[in-house]
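Results of the structural survey
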Amino acid sequence: MRFDPSDPAPAPSESREAGDIPISEYWRKTRRLTWQLMSVWFALTFGSIFFARELMALRFFGWPLSFYMVAQGVVLLYTAIIALYAYRMKRLDQHFKRGNANVD
């Protein structure tokens, strides 16, 4: 299939079929999930840097908590955010029956 710039773009539809949940609802929920997880990401990043001096007083397995958070803890939490995003998006896709949709 070749791209032809003279072909008009299809008009976006609010619903895939009559009676289906609108696609705008799907994207609203997707954006909300993305913003929530990005807020958690920002809070982890900003918090571990901003409170590093205060976290130095706390010890975790003999190391200052700020060192642990930056060296290992935050990276593990980032991985958990990615896993949570993948899990929730899979559920959202199944809910909106878009999991195996063909996009042409």
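We now turn to the structure provided with this report. (Residues numbered from 1 in each chain as written. Predicted model: local features only at pLDDT ≥ 70, side-chain atom pairs only at ≥ 80, totals over all residues. Heavy atoms only, no water.)

1. Notes on helix H1 (residues 23-50)
Between its first and last C-alpha atoms H1 spans 40 Å; for 28 residues at 1.5 Å apiece the expected length is 40 Å, and the two agree. Restricting attention to buried positions, one finds in H1 the residues Ile 23, Tyr 26, Thr 30, Leu 33, Leu 37, Gly 47 and Ser 48. On its buried side, H1 packs onto helix H2 (52-55) and helix H3 (65-95). (Helix = DSSP H or I, 4+ residues; strand = E, 2+ residues; numbered from the N terminus. Expected span 1.5 Å × (residues − 1). Buried < 20%, exposed > 50% of the residue type's maximum accessible area, 1.4 Å probe, protein only. Contact = heavy atoms within 4.5 Å.)

2. With respect to the environment of Thr 30
Mapped onto the secondary structure, Thr 30 falls in helix H1. With a relative accessible area of 7%, Thr 30 lands in the buried category. Along the sequence, Thr 30 and Leu 92 sit 62 residues apart, while their C-alpha atoms lie 8.0 Å from each other. In contact with Thr 30, other than residues within four places in its own chain, are Met 89 and Leu 92.

3. Considering the pattern of salt bridges
In total, this model carries two salt bridges according to the counting rule given. Note that Glu 25 is salt-bridged to Arg 28, the shortest N-O span being 2.7 Å. Taken together, the residues Glu 25 and Arg 28, both in helix H1 and three residues apart, mark about one turn of the helix. According to the relative accessible area criterion, Glu 25 is partly exposed, its value standing at 24%. The partner of Glu 25 in a salt bridge is Lys 29, with the nearest N and O atoms 4.0 Å apart. You can see Glu 25 and its partner Lys 29 sitting in helix H1, four residues apart, about one turn around the helix. Salt bridges linked by common partners bring Glu 25, Arg 28 and Lys 29 together as one network. (Salt bridge = Lys/Arg side-chain N within 4 Å of Asp/Glu carboxyl O.)

4. What to know about H3
An α-helical segment advances 3.6 residues per turn. Residues three or four places apart therefore align on the same side. Helix geometry: H3 is bent most strongly at Gly 73, by close to 45°. For H3, every residue scored as buried is listed here: Leu 65, Ser 66, Gly 73, Val 74, Ile 81, Met 89, Leu 92 and Asp 93. Of the surrounding elements, those touching the buried residues of H3 are H1, H2, strand S1 (59-60) and strand S2 (63-64). Just downstream of H3 lies Lys 97, where phi reads positive at about 55°. (Bend = angle between axes of the 7 residues up to and from the residue.)

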